[in-house]
Amino acid sequence: MRILIGVLLLLTGLTVSAQNKQAWISGRVIGENEEALRGVSVSVLGKTGGVVTGDSGTFRIRVPAGKSFALVFSHTGYAEVQKIFYLSEGEEEKVTMRLLRGGKTLETVVVQDERERREMGLIRINPRNALSLPSTIGGVEGLIKILVGSNNELSSQYSVRGGNYDENLIYINDFEVFRPYLVRSGQQEGLSFINPELARNVSFYNGGFQAKYGDKMSSVLDIQYKKPKTFAGSAYVSLLEQGFHLEGSARKGQVSWLVGARNRSNRNLLSSQETQGAYIPSSNDIQAFVTWKLHEKWQLEFLGNLSGTKFTLIPQSAQKTSSVFSPLFTANLGLDIFFEGREQDSYRTNLLGFSLVHQPGKKLRLKWMLSRFSNKEQENFDIAGAYLFGDRDFDNTSSTFGQIVNPLGAGYYQTYARNELDIKVWNATHRGSLDRGRHFIQWGNTIEQTTITDRLKEWEYQDSAGYSLPFNPNTLRLNKLLRSTANLDIRKFSGYIQDNIRFGDSSGRNLSVQAGVRYHYNSLNKELLISPRAQVSLKPNWKKDILFKAAAGLYMQPPFYRELRRYDGSVNTAMKAQKSVQVTAGMDYNFKGMGGRPFRLTTELYYKHMTDVAAYDVDNVKIRYLGNNNARAYAAGIEFRLFGELVKDAESWLSIGLMRTRENLDNDAYYRYKNAAGEFITAQTQDQVPTDSVKYDVGWLRRPTDRLITVGLYLEDYLATNKNFKVHLNAIYGSNMAYNIPGSVKYRNALIVEPYIRIDIGFSALLLSEKSLRRSHNPFRGFDNIWASFEVFNLIDRPNTISYQLIKDFANNIYSIPNRLTPRLVNVKLVARF
């Protein structure tokens, strides 16, 4: 009977299709907390029949073409939503609809997927995936790193299209946030500023972003926190992190509030590091976001954050090994270090932000913002290490197994630091928007006052084979000595205006243009920057759903703090902004794949030409600038991303990137010397006296972020017989990167960091669901669901390299010993929502 009814319905549909012009609307229906809603009825207003959303909230419905109509979305316990459409014959539009709990008077919120397709570089990220993602850092950044690549699972920082960590903008509800600056390694990092349980929308721009976003050169992460209508919450606990959040409303919906608290300790991760000792890391934060509707046209918003991170290390010993292969010999080189001393660091940040929103009418929106950001950091360490370097015995039948049997070098070193950094940023901003039909105009102006107090006291002593380095028989000299104080008071002025123009019909077909310009001036270097930017997207009237887009503009990055510091500790207050011309072009293609499921393929080609570049070195996550605008650079590449459901109702994506980035430093020449016979000599001796020299220009070389191939994969799956048992997998591959030899001109960025390969996997089980079926006396009756997860990090147990330690042997030859990241580890997690 079901087959017969299905055949009759199919024939009826074909007949109607032959008689009338048809189009399609597909998409997803979500709740106010981004959860997928199944069982939502979707129908054309005034017509019988319709469709119902599946387990992942997805739907696809046939609709009339060539005339206006309304779709009705309804579900028990949620406000009914109506949305008007106008589609041409054969067109398919994708939308995401959000339903809010409560009665019919609640407002409608619609997020159109077409915006993501039109805007260059925009990727929408579902914050709900952050907790289910098997990752050592988790959070929104863990998802971003699958898209753009990574080389360090201990850090939440990411590099985008050849840029470094300092070139990324982060906004939460339009307030810019910053990261700590003195952090040297990922193991010192604490919680990310972003709490994914509070997030409603996550928009990530990996290039070509609009004029309304600030003055940096690589990417923008734009987070919008939720404005809840009903009470809800969540709590989670794992071996790495614990947290909870509560949300709700008051005064008959006029007040909404969010509060979240988290605590994190990486002790389980760090206990497996090559350096053995007592690791005592801790990080915690509390955040709140409150909105108060003062009047029908006025709303007050508050965003607050208070976070603190402490890191203590009392090292004991370290065993490092590197294998050397050549046509002449093979060796297993080992480095044994025995430590004394300790490291103790602290990082405290807080943000207080107030916004006043005025909406005089439906088309005009005005927003005034005032914020204060504070960052206080202290870095204290005094660690000494005695080391032995040589061949390590790997014969497990030998009595010397694991020991160094052929010493090549021995020495002693001591590092000392008492560094303090205090940054305060006051910010006053006005933003506005005006809807003029085809034109959507946006503008903004900002005044910012930044005060920086920096105390730098750092030195390093090295002793090799009984001689202090650098060697001077008459005096004791330190290998490195930095003593500096800086007090900076910087006032910045910036602003923008841009117009978003739509041509064509109301469905978003045909042509859309974004054009704008922003300015920036700061009192430190008295440099005025003007940055025009434009985007265009074109959707041809083709049978296939393809959209083309392009963007071009100037992206300039004024120095903030770290760029001003030279290697010797001095501060260059005359440092100019780094400048880049960026051109991007791409396409977006929606199509049906396996089983008729929707897929989306995006391709973007980009080129960046950079001048006044501040060259830098990267050691783990610490960026050390040369402190001058002494280089030119470029980055060029292409990116492919495929989004879809390999398995029905299970989200997956694949990202592939190809890139090259190079730099050319000013005055980076070196000399080679010849003796009287015209032969090159390597060192001056009594028998080898230089009589002539040859100058060589280094020219273009790899930047520290240069990586030819980047691949990221995120997969979801579940048991065919039970969707309550799921698996999540993320894999990252990144080809080799360059690493600098300090103080070397000839061999700058000449060391090679091996390819980064990592696979993390998580298995989840739904322990509690179907709230409506629980009895009134059930102790879990207030919970919506409870999930338990078992995660395996670094499934293939690959010893990835993050940096190198350079060691000299008795003959003064230099060897590079890799510093490794984490091995295979496991984690358990319990997540409850109510």
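Refer to the structure presented above.
Residues numbered from 1 in each chain as written. Predicted model: local features only at pLDDT ≥ 70, side-chain atom pairs only at ≥ 80, totals over all residues. Heavy atoms only, no water.

J.: Provide a residue-level description of the overall build of the protein chain, including the pertinent values.
T.: Counting its secondary structure elements, the protein chain contains five helices and 44 strands. Against the compact-globule benchmark of 28 Å for 834 residues, the protein chain has a radius of gyration of 29 Å, which places it among compact chains. For the protein chain, the spread of C-alpha atoms along the principal axes amounts to about 100 × 65 × 50 Å. By the burial criterion, 53% of the 834 residues in the protein chain qualify as buried. Taking as baseline every contact in the protein chain between residues at least 6 positions apart, the subset at least 24 positions apart corresponds to 67%. Within the structure as shown, the protein chain displays about 37500 Å² of accessible surface, and the carbon and sulfur contribution to it stands at 57%. Computing the positive centroid from 104 side-chain charges and the negative centroid from 81, the protein chain places the two 7 Å apart. (Helix = DSSP H or I, 4+ residues; strand = E, 2+ residues; numbered from the N terminus. Rg over C-alpha atoms; globule rule 2.2 N^0.38 Å. Buried < 20%, exposed > 50% of the residue type's maximum accessible area, 1.4 Å probe, protein only. Contact = heavy atoms within 4.5 Å. Areas by Shrake-Rupley, 256 points an atom, 1.4 Å probe, with all protein chains shown as cover. Lys, Arg positive; Asp, Glu negative; His and termini not counted. Charge placed at Lys NZ, Arg CZ, Asp CG, Glu CD.)

J.: Break down the sheet that holds strand S6 (residues 81–86) for me, citing the residues and quoting the values.
T.: In spatial order, the strands read S3-S2-S5-S6; together these four strands make up an open sheet with antiparallel pairing. Every interior strand has two partners, whereas the edge strands, strand S3 (51–52) and S6, have only one. Across four bridges, the pairing between strand S2 (residues 41–44) and strand S5 (residues 68–74) is antiparallel. Pairing of serine 43 across the sheet is with valine 72, part of S5. (Pairing = 2+ DSSP bridges.)

J.: Residues and numbers for unusual backbone geometry, please.
T.: Look at lysine 526: it is not a glycine, yet its phi comes out positive at around 55°. Counting through the fold element by element, lysine 526 comes out in the loop between strand S25 (510–522) and strand S26 (527–539). Assessed through its relative accessible area of 58%, lysine 526 is described here as exposed.

J.: Can you lay out the nonpolar core for me, pointing to particular residues and giving the numbers?
T.: Counting residues in hydrophobic clusters, the biggest one holds 55 residues, and the most contacted among them are Ile125, Ile144, Phe204, Leu221, Ile223 and Tyr225. Setting aside residues no more than four positions away along its own chain, isoleucine 144 makes contact with Ile125, Tyr158, Phe204 and Leu221. Membership of the second largest hydrophobic core comes to 21 residues, among which are Val44, Phe59, Ile61 and Ala65. (Core = buried A, V, L, I, M, F, W, Y, C linked by side-chain atoms within 4.5 Å.)

J.: Lay out the sheet that holds strand S9 (residues 122–125) in plain terms, naming residues and giving numbers.
T.: An order of S9-S12-S13-S10-S11 is seen for the five strands of this open sheet, with the pairing classed as mixed. Each of the sheet's edge strands pairs with one partner strand only, and the pair in question is S9 and strand S11 (175–176). Where strand S10 (residues 168–172) lies against strand S13 (residues 219–225), five bridges are found, and the strand directions are parallel. Looking at S13, one finds that leucine 169 is bridged to valine 220. Strands in contact with helix H4 (residues 139–148) are S9, strand S12 (199–205) and S13; relative to S9, the strand with the most contacts, it is inclined by about 135°. (Axes fitted to C-alpha atoms, helices over the stretch in contact; angles between N-to-C directions.)

J.: Could you give me a rundown of the pairing of strand S42 (residues 801–808), with the residues and numbers involved?
T.: Burial within S42 is extensive, with six of its eight residues counted as buried. Of the pairings in the sheet, the one linking S42 to strand S43 (residues 814–820) comprises seven bridges and is antiparallel in character. Bridging across to S43, threonine 801 finds its partner in arginine 820. Following S42, the chain reverses through five residues before pairing antiparallel with S43; asparagine 812 in that reversal takes a positive phi of roughly 70°.

J.: Tell me about a nonpolar patch on the surface, residues and numbers included.
T.: A grouping of Leu239, Phe763, Phe790, Val826 and Val828 is seen on the molecular surface, where their side chains present a nonpolar patch of about 430 Å² in accessible area. Judged by relative accessible area, phenylalanine 763 falls into the partly exposed class, the value being 41%. (Patch = residues over 30% accessible without salt bridge, like charges linked within 9 Å, V, L, I, M, F, W, Y side chains within 5 Å. Salt bridge = Lys/Arg side-chain N within 4 Å of Asp/Glu carboxyl O.)

J.: Can you break down the side chain of threonine 705 residue by residue, with the values?
T.: Structurally, threonine 705 is set in the loop between strand S35 (701–702) and strand S36 (709–719). Taking the relative accessible area as the measure of exposure, threonine 705 reaches 9% and is therefore buried. Separated by 2.6 Å, the side chain of threonine 705 and the backbone oxygen of glycine 162 make a polar contact. Here threonine 705 is in contact with Ser159, Gly162, Gly163, Asn164, Tyr616, Met659, Thr661 and Met737, once residues within four sequence places are set aside. (Polar contact = N/O pair within 3.5 Å; in protein donor to acceptor, adjacent residues only side chain to side chain.)

J.: Explain the pattern of salt bridges to me, using residue names and the numbers behind them.
T.: Using the criterion set out here, one finds 38 salt bridges in the structure. In this structure, the salt-bridge partner of arginine 264 is glutamate 241, at a minimum N-O distance of 3.0 Å. Here arginine 264 is found in strand S16 (residues 255–264), whereas its partner glutamate 241 is found in strand S15 (residues 241–250), with 23 residues between them in sequence. Of the two residues, arginine 264 and glutamate 241, both sit in the buried class. Across the pair lysine 579 and aspartate 612 runs a salt bridge whose closest N-O atoms are separated by 2.9 Å. With a gap of 33 residues between them, lysine 579 in strand S28 (residues 578–592) and aspartate 612 in strand S29 (residues 598–619) connect regions that are remote in the sequence. Residue class for lysine 579 comes out buried when judged on its relative accessible area of 18%. Salt bridges sharing partners connect three or more residues here, namely Arg60, Glu92, Lys94 and Lys592.

J.: Quick one: what's the story with the packing of aromatic side chains, residue by residue and with numbers?
T.: By convention here, two paired aromatic rings are described through the distance between centres and the angle between planes. Considering all chains together, one arrives at 28 aromatic pairs under this definition. When the ring of tyrosine 181 is compared with that of phenylalanine 560, the centres are 5.6 Å apart and the planes differ by 25°; the resulting orientation is stacked. Of the two residues, tyrosine 181 is situated in the loop between S11 and S12 and phenylalanine 560 in the loop between strand S27 (545–557) and S28; the sequence distance between them amounts to 379 residues. Since its relative accessible area comes to 8%, tyrosine 181 is described here as buried. Given a relative accessible area of 11%, phenylalanine 560 falls into the buried group. (Phe/Tyr/Trp six-rings, centres within 6.5 Å; stacked < 30°, edge-to-face > 60°.)

J.: Summarise the environment of serine 816; cite the residues concerned and give the values.
T.: Among the secondary structure elements, serine 816 is positioned in strand S43. A residue is classified by how much of its surface remains accessible, and serine 816, at 25% relative accessible area, is partly exposed. Residues serine 816 and glutamine 805, eleven residues apart in the sequence, show an inter-C-alpha distance of 5.6 Å. Those residues within four positions of serine 816 in sequence are excluded, and the remaining contacts are Ser322, Leu751, Tyr804, Gln805 and Leu806.

J.: Outline the side chain of glutamine 273, listing residues and values.
T.: Among the structural elements, glutamine 273 can be located in the loop between helix H5 (267–270) and strand S17 (275–295). According to the relative accessible area criterion, glutamine 273 is buried, its value standing at 9%. Discounting chain neighbours no more than four positions away, the residues touching glutamine 273 are Leu154, Gln187, Tyr279, Arg820, Leu821 and Thr822.

J.: Quick rundown of H4? Include the residues and the values.
T.: Burial runs high along H4: ten of the ten residues are buried. Restricting attention to buried positions, one finds in H4 the residues Gly139, Val140, Glu141, Gly142, Leu143, Ile144, Lys145, Ile146, Leu147 and Val148. One or two positions beyond H4, positive phi appears at glycine 149, with a value near 100°.

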